[in-house]
Amino acid sequence: MNQVLLKAEKINKYFGVTHAVKDLSLELYPGEIHGLIGENGSGKSTFSSMLCGIHTISSGSFNLLGKEIKPRSQVEANKEGVAIIVQEMGTLPGLTVAENIFLGEEDSFMHGIVKDSRAMNKEAQRLLDMYGFGQIKASKMIDMYSFEERKLVEIVKATYFNPKILVVDETTTALSHDGRQELFKVMNKTKENGSTVIFISHDLDEVIEHTDRISVLRDGVLVKTFQTKDVTTDDLKREMVGRELDNKYYRTDYDGTISDEVVLSLKNVSVPGEIENINLELHKGEILGIGGLSECGMHEIGKAIFGASYNRSGSVTLSDGYEIKNIPGAIKHSVAYASKDRDNESIVIADSIGENIILPSLDDLSKHGILSLKKMDKFAQDYAVQMSTKMVGIKQYVSELSGGNKQKVVLARWIGKGSNILILDSPTRGIDVRVKADIYGLMTELKKQGKSIIMISEELPELLGMSDRIFIMKDGKFNGEFMRNRELGEKDLIAKMI
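In this text, all values refer to a predicted model and were calculated from it rather than measured experimentally. As a convention, each chain's residues are numbered from 1 in the sequence order in which they are written. For a predicted model such as this one, the threshold for reporting local features is a pLDDT of at least 70, and the threshold for listing and counting side-chain atom pairs is 80 or more; totals across whole chains, interfaces and linings nevertheless cover every residue. The side-chain values count all of the structure's non-hydrogen atoms but skip hydrogen atoms and water molecules.

Okay, the pairing of strand β21 (residues 477-483) next. For two strands to be treated as a pair, DSSP must find at least two bridges joining them. In DSSP terms, a helix is any run of H or I states spanning at least four residues, a strand is any run of E spanning at least two, and both are numbered starting from the N terminus. Of the pairings in the sheet, the one linking strand β20 (residues 469-474) to β21 comprises six bridges and is antiparallel in character. Note on β21: the bridge partner recorded for I470 is F482. With antiparallel pairing between neighbouring strands as the criterion, β20 and β21 make up a hairpin whose turn holds two residues, including D475 at a positive phi of roughly 55 degrees.

Next up, the structure:
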């Protein structure tokens, strides 16, 4: 690996007064998978976004095979041979699967001023079939498919033209086990073709298993680059945070401290094609975990409870007899929901931190229908600080934040609202170990306050470590229930998933 494929020299990026990436220089070689890790806000996604044309460089240069590249969009980056699969949703609604795959390449299917949609669909379906994703139909609207299926489309979109550099930015957190294996096959094929993969992930075991070298960023600075064979996860954590990190962040109690008081009841809740006849009771001060394989229906339960599902039948009732039928009713009656699809369903990405935090609490903050800007700013500031959000200030746009800090904004809005029931779907998806510890600590504190939490998660250690009770779903139904127990292990949960 003597030849340099990509040379990044003194890369800097400023967002206002925030210096997100600082004089970062890095060399990538042909035929390697290069891990890029760091805490939320360390600069890894910002660095990759500049390489892929999502953000502009403040200063510095990228040289690909000796030629300087300055992409101003993802389409331009693709033409230079650089592609990215992003953490959040990377497909565009309102377009077909084929139109998403060939976005920016429509000229290849034009006859004069007429687009040959049939030829585009045929070529897109050939690619989908070749990748093993034949269950996805090229001519269908992308909106018809799940978050994970749309990620599979993104894999095709990013790699069908054999890019020289492929950035995989926290993509595995959106995929099931099978989906991850398909992604790893694509990464290995890219490597075998002599190209380079930049693999960004908070799962350090995954990084060590699938990379050749690993670079660690901290506060926008490149700390160190390792040969993967020479490091352990503890080595990487120490470099990420600058000190030893205590891994014992899960709950340590097993005394079954759940109130008999039922605060939420689901009776025969169904959503066609998603979940069927779901019955459960949530108790005061309980953390109720719901797990399963990616397409088991568990993510739909959160939406159904919050009144966000279409064609829901059955009843979702609170302890005072109020039946939740829509989102405004849920919010008014102290129910909160944090979606797995954070950017599209949990926050307003184009608004500021402050505007996002105050949004559910506007009625509470108004006096005789009049809102005080000073009062709103103080409210947002207090809860952003309480959640230790890394920010320039509450006027900063949420789009500029890392995944972990976006999640802190989501939680800040509901903590500020004073919600008594919180539905948290994949609460630590794409979040580093230190922010995970913060969120687990918050959940434990909310439990002590008598708040009730439904935690939907694909992470088995998280379910075992934080839940008082665990329901496992399979094919849209509950297939097992477990009480918190020291002896309960991952194999017990897996047995009910498959």
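Further notes follow.
Moving on: the sheet that holds strand β13 (residues 262-271). Sheet architecture is open: three strands sit in the order β14-β13-β16, paired in antiparallel fashion. Looking along the sheet, the strands with just one partner apiece sit at the ends: β14 (275-283) and β16 (313-318). Adjacent strand axes in the sheet meet at a mean angle of 5 degrees, parallel and antiparallel pairs treated alike. In the sheet, β13 pairs with β14 via six bridges, with the strands oriented antiparallel. Following the sheet pairing, L264 is matched in β14 by L282. Packed onto the sheet, helix α9 (residues 298-305) meets β13, β14 and β16 and runs at close to 115 degrees relative to β13. In this analysis an axis means a line fitted to C-alpha atoms, helices contributing only their contacting stretch, and an angle means the value between N-to-C directions, from 0 to 180 degrees. Any two residues whose heavy atoms approach within 4.5 Å at even a single point are treated as in contact.

Moving on: the packing of helix α14 (residues 373-386) against helix α15 (residues 403-417). Two elements in contact, α14 and α15, have axes separated by 9 Å at closest approach and are oriented at 120 degrees. When the axes of α14 and α15 are compared, the pair comes out oblique. By crossing handedness, the relation of α14 to α15 is classed as right-handed. Side by side, α14 and α15 meet where F379, Y383, A384 and Q386 of the first sit next to A412, I415, G416 and K417 of the second. Between 65 and 115 degrees an angle is taken as roughly perpendicular, under 35 as roughly parallel, over 145 as roughly antiparallel, and anywhere else as oblique. We call a crossing left-handed when the near helix sits turned anticlockwise from the far one by less than a right angle, and right-handed when that turn is clockwise.

A few words now on the sheet that holds strand β18 (residues 421-425). Each strand in a sheet pairs with another by means of backbone hydrogen bonds, the pair being arranged parallel or else antiparallel. Taken together, the six strands give an open sheet; going across it, the order is β17-β18-β19-β15-β20-β21, and neighbouring strands pair in mixed fashion. The sheet is open, and its two borders are formed by β17 (335-338) and β21, each paired with just one other strand. Strand-to-strand twist of the sheet, defined as the mean angle between neighbouring strand axes without regard to direction, takes the value 15 degrees. Here five bridges tie β18 to strand β19 (residues 452-456), and the two strands are oriented parallel to one another. When the bridges of β19 are listed, L422 appears paired with I453.

The subject of this paragraph is the nonpolar core. Taken as a class, soluble globular proteins show a tendency for nonpolar side chains to be buried jointly. Counting 75 residues, the largest nonpolar core has L264, I290, M443 and L493 as the members making the most contacts within it. A per-element tally of this core places helix α16 (residues 433-448) first, with seven residues. Sequence-distant contacts of L493, that is, excluding residues within four places in its chain, are made with L460, L463, L464, I470, I472, F482 and L488. Only buried Ala, Val, Leu, Ile, Met, Phe, Trp, Tyr and Cys residues count toward a nonpolar core, and they belong to the same one when joined by side-chain atoms within 4.5 Å. Note on classification: 1.4 Å probe, protein chains only; a residue is buried when its accessible area is under 20% of the maximum for its type, exposed when over 50%, partly exposed between these limits.

Glancing now at the pattern of salt bridges. Salt bridges are counted wherever a side-chain nitrogen of Lys or Arg sits within 4 Å of a carboxyl oxygen of Asp or Glu. Overall, the coordinates contain 30 salt bridges when judged by the stated rule. Where R213 meets E32, a salt bridge forms, and the shortest distance between an N and an O atom there is 2.9 Å. Separated by 181 residues along the polypeptide, R213 in strand β11 (residues 213-218) and E32 in strand β3 (residues 32-37) bring together distant segments of the chain. Taking the relative accessible area as the measure of exposure, E32 reaches 0% and is therefore buried. Taking the shortest distance from any N to any O, the salt bridge between E182 and K185 comes out at 3.4 Å. Residue E182 and its partner K185 are located together in helix α6 (residues 177-192), separated by three residues, close to a single helical turn. The exposure class of E182 is partly exposed, given its relative accessible area of 23%. On the basis of relative accessible area, K185 is assigned to the exposed category, the value being 53%. Put simply, R251, D253, K447 and D468 are held in one network by salt bridges that share partners.

Below, the discussion takes up unusual backbone geometry. Despite not being glycine, N162 shows a phi value in the positive range, around 55 degrees. Here N162 is to be found in the loop between α5 (147-159) and β9 (165-169). Here N162 falls in the exposed class, since its relative accessible area comes to 54%. The phi torsion at N277 lies on the positive side, around 50 degrees, for a residue other than glycine. Note on placement: N277 falls in strand β14.

Let's shift gears to the environment of E458. Relative to the helices and strands, E458 resides in the loop between β19 and α17 (460-466). A residue is classified by how much of its surface remains accessible, and E458, at 23% relative accessible area, is partly exposed. Separated by 281 residues in sequence, E458 and H177 have C-alpha atoms that sit 9.7 Å apart. Once you skip the residues sitting within four places of it in the chain, E458 turns out to touch L175, G292, S294, M298, H299 and K340. In terms of polar contacts, E458 uses its side chain to reach the side chain of H299, at 2.8 Å. Under this definition, polar contacts are N or O atom pairs within 3.5 Å; protein pairs additionally need one hydrogen-donor-capable and one acceptor-capable atom, and for neighbouring residues in sequence, both atoms have to be side-chain atoms. Among the polar contacts listed, one links the side chain of E458 to the side chain of K340, at a separation of 3.0 Å.

Here we come to the environment of V398. Tracing the chain through its elements places V398 in the loop between α14 and α15. Since its relative accessible area comes to 0%, V398 is described here as buried. Spatially, the C-alpha atoms of V398 and D343 are 9.3 Å apart, while their sequence positions differ by 55 residues. Look past the residues within four positions of V398 in its chain and what remains in contact with it is I347, V348, I349, D351, S352, I353, N356, K406 and V409.

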